Amino acid sequence: MTATYTPLANTTLAATATQITFGSIPATYRDLILVVQGSVTVGGGSTRLLYNNSAANFSYVQMLGNGSTAVSNQATVNDFGGLSNTGQSSLIINIMDYSSTDTHKVTLGRANGGFVYGIVSRWANLNAITTVTLQQSTGSFTIGTTFSLYGVIS
Amino acid sequence: MTMTLIQTQTLATAAVSVDFTSIPQDGTDLLLLVSGRSNEVANQSMTLLNLNGLGTNFTFTRLQGSGSAVTSTTGTSGTSGFLPAANATVSTFGNQSFYITNYSGTADKSIAVEAVSENNFTEAYQTLQASTRIMGAITEINMKLGAGSYVAGTVMSLYKITKGSSGGVTVS
């Protein structure tokens, strides 16, 4: 059966970390899929994505549910909800058309922890993405958290 | 290449449940895609995800829109959004996606659920849900409905996604 995900890189934390970077991403694929599974040491934070080491020129809209209230908001950052500090949780992030040099970059994300998030962001930059960095705003990613990057062919 | 089809099941007749058994343990994540409809006499049917034959030991946080309201709830079951039922627009099927990370490992499972029930009336549901299941390796997935049966024409496809390295991408 034809498959569409090409594994590019992965890591499992042997020590806590506040930041993970995938670098030297080739322009071979159409989209990137980033899957994170694990937890964080402190709750209430968020996972921010930087592209090519830049946190500038982003805008996002998110909707989230905390189990009692549904909320939607927007900001000029590239935050994708947060992992849980009380159990296993996950982030699934689709970076669309990452290798293009004539479009802004749209990212779709789901965060699945104590809260549930749906996020869409736009990076107002025409450069191809060659580096993706995940930064935890509060605390650290815990030991055993896994990060997997895939390329999707067109 | 790493997104590999494990099995597709297309119902020729109505069925109370759809089961994927003996799931190979050599992948990283699982993705289950559903196109389905229920014969329950209602507008929508709730769906139930069971893992290894059990619908217990779940916790979830749900975000759901109905076309007129948005709500967020929590729960402790395998309920996973709605599919259209017998009173919904004819010949209209809903869709679901279940992404299960690190399914063959020993840690508890995080499950990203998305569901949409289509209906050409005022009641239709879109659901985003974060579920966690306390358990070890997943060897079986059982999809059920709260009431009624899946109709003929319901299709469910299970894929495994396997991590790896290629292309010179670095991690630091």
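Scroll up to find the structure this text is about.
Cut-off values and rules
- Residues numbered from 1 in each chain as written.
- Chains lettered and ligands numbered in written order.
- Predicted model: local features only at pLDDT ≥ 70, side-chain atom pairs only at ≥ 80, totals over all residues.
- Heavy atoms only, no water.
- Pairing = 2+ DSSP bridges.
- Helix = DSSP H or I, 4+ residues; strand = E, 2+ residues; numbered from the N terminus.
- Axes fitted to C-alpha atoms, helices over the stretch in contact; angles between N-to-C directions.
- Phe/Tyr/Trp six-rings, centres within 6.5 Å; stacked < 30°, edge-to-face > 60°.
- Buried < 20%, exposed > 50% of the residue type's maximum accessible area, 1.4 Å probe, protein only.
- Lys NZ or Arg CZ within 6 Å of the ring centre and 35° of its normal.
- Salt bridge = Lys/Arg side-chain N within 4 Å of Asp/Glu carboxyl O.

S.K.: Let's hear about the sheet that holds strand β3 (residues 29-36) of chain B: which residues, and what values?
M.R.: Residue and element names in this part refer to chain B. Strand order in the open sheet formed by eight strands is β1-β12-β3-β8-β9-β10-β5-β6, with antiparallel pairing between adjacent strands. Of all strands in the sheet, those with a lone pairing partner are β1 (3-10) and β6 (70-75), marking the two edges. Strand-to-strand twist of the sheet, defined as the mean angle between neighbouring strand axes without regard to direction, takes the value 10°. Relative to strand β12 (residues 155-161), β3 is paired through seven bridges, and the arrangement is antiparallel. Bridge assignment links Leu33 to a residue of β12, and that residue is Ser157.

S.K.: Account for the sheet that holds strand β8 (residues 105-112) of chain A, naming residues and giving values.
M.R.: Residue and element names in this part refer to chain A. Strand order in the open sheet made by the eight strands is β1-β11-β3-β7-β8-β9-β5-β6, with antiparallel pairing throughout. In this open sheet, the two strands that pair with only one neighbour each are β1 (5-12) and β6 (70-75). Direction aside, the axes of adjacent strands within the sheet are offset by 15° on average. Strand direction decides the pairing type here: strand β5 (residues 58-65) and β6, joined by six bridges, are antiparallel. Following the sheet pairing, Leu64 is matched in β6 by Val71.

S.K.: Explain the packing of aromatic side chains to me, and be specific about the residues and the numbers.
M.R.: Under the counting rule described, the total for this entry stands at seven aromatic pairs over all chains. With centroids separated by 5.5 Å and ring planes inclined at 75°, the aromatic side chains of A:Tyr51 and A:Trp123 adopt a geometry described as edge-to-face. Placement of the pair is A:Tyr51 in strand β4 (residues 47-51) and A:Trp123 in strand β9 (residues 116-123), with a sequence separation of 72 residues. For A:Tyr51, a relative accessible area of 0% gives the class buried. Overall, A:Trp123 belongs to the buried group, its relative accessible area being 1%. Over the aromatic face of B:Phe58 sits the side chain of B:Arg133, whose NZ or CZ is 5.0 Å from the ring centroid.

S.K.: Mind laying out the pattern of salt bridges, listing which residues take part and the relevant values?
M.R.: Evaluation of the coordinates by the stated rule reveals four salt bridges over all chains. Between B:Glu114 and A:Arg110 there is a salt bridge, and its shortest N-O distance comes to 3.0 Å. Remark: A:Arg110 occurs in strand β8 and B:Glu114 occurs in strand β9 (residues 109-116); the pair is interchain, linking two chains. Take A:Arg110: its relative accessible area is 7%, and that puts it in the buried class. In this structure, B:Asp26 engages B:Lys160 in a salt bridge whose closest nitrogen and oxygen atoms are separated by 2.7 Å. Taken together, the residues B:Asp26 in the loop between β2 (17-20) and β3 and B:Lys160 in strand β12 connect sequence positions 134 residues apart.

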